[in-house]
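# Reading the structure
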Amino acid sequence: MRSVAEFFIEGLPAPSGSKNAFVVTPKSGKPRAVLAPASKGQKAWQKEVREQSEAAYKGEPIEGPVVVELEFVFTRPKSHYGTGKNSCKLKPSAPDFHIIKPDLDKLVRSTLDGMTGVLFADDKQVVESTACKYYGGLNGCRVTIKDGESSWAI
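Here goes a summary of the coordinates provided. (Residues numbered from 1 in each chain as written. Predicted model: local features only at pLDDT ≥ 70, side-chain atom pairs only at ≥ 80, totals over all residues. Heavy atoms only, no water.)

### Side note on helix H1 (residues 42-56)
With 15 residues, H1 should reach 21 Å at 1.5 Å per residue; the first-to-last C-alpha distance of 21 Å fits that figure. Of the positions making up H1, those classed as buried are Gln42, Trp45, Gln46, Val49 and Ser53. Take H1 and look down its axis: the buried residues cluster within an arc of 95 degrees, on one side only. Away from its buried face, by an angle of more than 90 degrees, H1 presents the exposed residues Lys43, Ala44, Lys47 and Ala55. (Helix = DSSP H or I, 4+ residues; strand = E, 2+ residues; numbered from the N terminus. Expected span 1.5 Å × (residues − 1). Buried < 20%, exposed > 50% of the residue type's maximum accessible area, 1.4 Å probe, protein only. Arc of directions from axis to C-beta.)

### Some points on the side chain of His98
In this fold, His98 is placed in the loop between strand E4 (66-75) and helix H2 (104-115). Not counting the four nearest positions on each side in its chain, His98 is found in contact with Phe74, Lys133, Tyr134 and Tyr135. (Contact = heavy atoms within 4.5 Å.)

### Overview of the sheet that holds strand E6 (residues 140-147)
Across a sheet, paired strands are connected by hydrogen bonds in the backbone, their directions being either parallel or antiparallel. Pairing within the open sheet is mixed, and its 4 strands lie in the order E1-E6-E4-E5. Single-partner strands in this sheet number two, and they are strand E1 (2-10) and strand E5 (126-136). Taking each pair of neighbouring strands and ignoring which way they run, the sheet shows an average axis angle of 10 degrees. Examined bridge by bridge, E4 and E6 share 8 bridges and lie antiparallel to one another. Counterpart to Val67 in the pairing with E6 is Lys146. Sitting on the sheet, H1 is in contact with E1, E4 and E6, with an inclination near 135 degrees to E1. Of the strands in this sheet, E4, E5 and E6 are in contact with H2, which crosses E4 at around 120 degrees. (Pairing = 2+ DSSP bridges. Axes fitted to C-alpha atoms, helices over the stretch in contact; angles between N-to-C directions.)

So yeah, pure geometry; function would need other evidence.
Dropping the structure here:
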């Protein structure tokens, strides 16, 4: 398997998936339903994903199978740390894992949608993926994209 691109997307990862529905009545008078992303940061996140993907990969979108590795990193909130002289120490009650929203599967969906058309033609080409979310330094996502042609031998 050949690595095609490796890069870090800095910013607060935003999920995709849920939608809010609204009924609007245009001047023509016929009401219609409009769907909008429920996640406020989704568009900004996908824009950043697209920009970083374009900077990291200069070729035509991959047409064959693709392997994707995503590591979502979230900074710990101040409430995980002590106060005063202990402000640099984690509280014993601070969780080891990022088990709060956003959901990992929705983060993956949003990030893959941002890469579509840049790194690969369509996210249906992803034949293997690994993803995780954890607390770390900067908010963002480490991305590794591999050509999946050689990963599946039948």
